[in-house]
Amino acid sequence: MRNGIFNNFIPFFISIFLVWFFPSNAYTQKYQEFSKSNIIINSLGKYHKFSIELALTPLQQAQGLMYRTFLPKDSGMLFDYGSPKLIRMWMKNTFIPLDMIFLNQQGRIIKIVERTIPKSESIISSNFPARAVLELNGGTTEKLNIRVGDLVKHEIFK
């Protein structure tokens, strides 16, 4: 009986050890590095330039802007999925409200979700196949009058 109890606790202690010394993927992703670039949004003849980070790999895309408490004005992140697909995102572990701009293969805005709710686990979907998502500070699209149909210029949209 004594060995039976001991043997039942071995998996428990191993799992505690693994969690303690090998934290979850989301935690370790805090240290992903991102390339930087510029992007321009043409909205009603006005050009708005942003300094962005590029989320190109699955690890970078999984991390996104999580764990950040500040995003400088005129900054953002571009998630490039390479080809159009239904994109589903959430705000878990994201501490700042964002505007999510879904883009087609040509860089045309097909959907905007304004002022997403920090830490929310609700799914935010493109609803249509999208090539990329541009995340900006919450309220930016309203302030600059950026709308569905506007064109985003970046090297990924050739």
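To keep things clear, this report deals only with the structure shown in the data block. Model, not experiment: these values are computed from the prediction. Just so you know, the residues in each chain are numbered from 1, in the order the chain's sequence is written. Only residues with pLDDT of at least 70 are given local features in this predicted model, and only at 80 or more are side-chain atom pairs given and counted; all residues enter the totals for whole chains, interfaces and linings. Note: side-chain values were computed over all heavy atoms of the structure, leaving out hydrogens and water.

Labels follow the DSSP assignment, with helices taken as runs of H or I lasting at least four residues and strands as runs of E lasting at least two, numbered in each case from the N terminus. When you line up the elements, Glu121 lands in the loop between β5 (109–113) and β6 (124–137). Sequence separation between Glu121 and Lys92 is 29 residues; the distance between their C-alpha atoms is 5.3 Å.

So, on to the pattern of salt bridges. Counted as salt bridges are all cases of a side-chain nitrogen of Lys or Arg within 4 Å of a carboxyl oxygen of Asp or Glu. Scanning all chains against the criterion turns up 5 salt bridges. A salt bridge links Glu53 to Lys36; its shortest N-O distance comes to 3.8 Å. A residue pair is termed long-range when its members are at least 10 positions apart, and Glu53 in strand β2 (residues 46–55) and Lys36 in strand β1 (residues 35–43) qualify at 17 residues. Since its relative accessible area comes to 64%, Lys36 is described here as exposed. Between Arg115 and Glu114 there is a salt bridge, with the nearest N and O atoms lying 3.9 Å from each other. Several salt bridges share partner residues, and in doing so they unite Lys36, Glu53 and Arg68 into one network. Burial classes follow relative accessibility: with a 1.4 Å probe on protein chains only, a residue under 20% of its type's maximum area counts as buried, one over 50% as exposed, and anything between as partly exposed.

With respect to the element layout, Pro72 can be found in the loop between α3 (58–63) and β3 (75–89). For the pair Pro72 and Leu136, spaced 64 residues apart in sequence, the C-alpha separation works out to 9.5 Å.

As a further point, take the packing of aromatic side chains. Within a pair of aromatic rings, the relevant descriptors are the distance that separates the centres and the angle that separates the planes. Here the aromatic set is Phe, Tyr and Trp, taking the six-membered ring for Trp, and pairing holds for ring centres within 6.5 Å; pairs whose planes are under 30 degrees apart are stacked, those over 60 apart are edge-to-face, and all others are tilted. Overall, the coordinates contain 1 aromatic pair when judged by the stated rule. Their ring planes at 80° and their centres at 6.4 Å tell us that Tyr67 and Phe95 sit as a pair that is edge-to-face. Placement of Tyr67 in the loop between α3 and β3 and of Phe95 in the loop between β3 and β4 (98–103) is noted, with a sequence separation of 28 residues between them.

Another aspect to go through is the sheet that holds β4. In this scheme, strands are said to pair when DSSP sees at least two bridges between them. Overall, mixed pairing links the 7 strands, which are arranged β5-β4-β6-β3-β2-β1-β7 in an open sheet. Only two strands of the sheet have a single partner each, and these edge strands are β5 and β7 (151–153). On average, each strand axis in the sheet is tilted by 35° relative to the strand beside it, whichever way the strands run. Between N-to-C directions, angles span 0 to 180 degrees; the directions come from axes that are lines fitted to C-alpha atoms, helices contributing only their stretch in contact.

Time to look at unusual backbone geometry. Phi is positive for Arg115, which is not a glycine, with a value near 50°. Within the element layout of this structure, Arg115 appears in the loop between β5 and β6.

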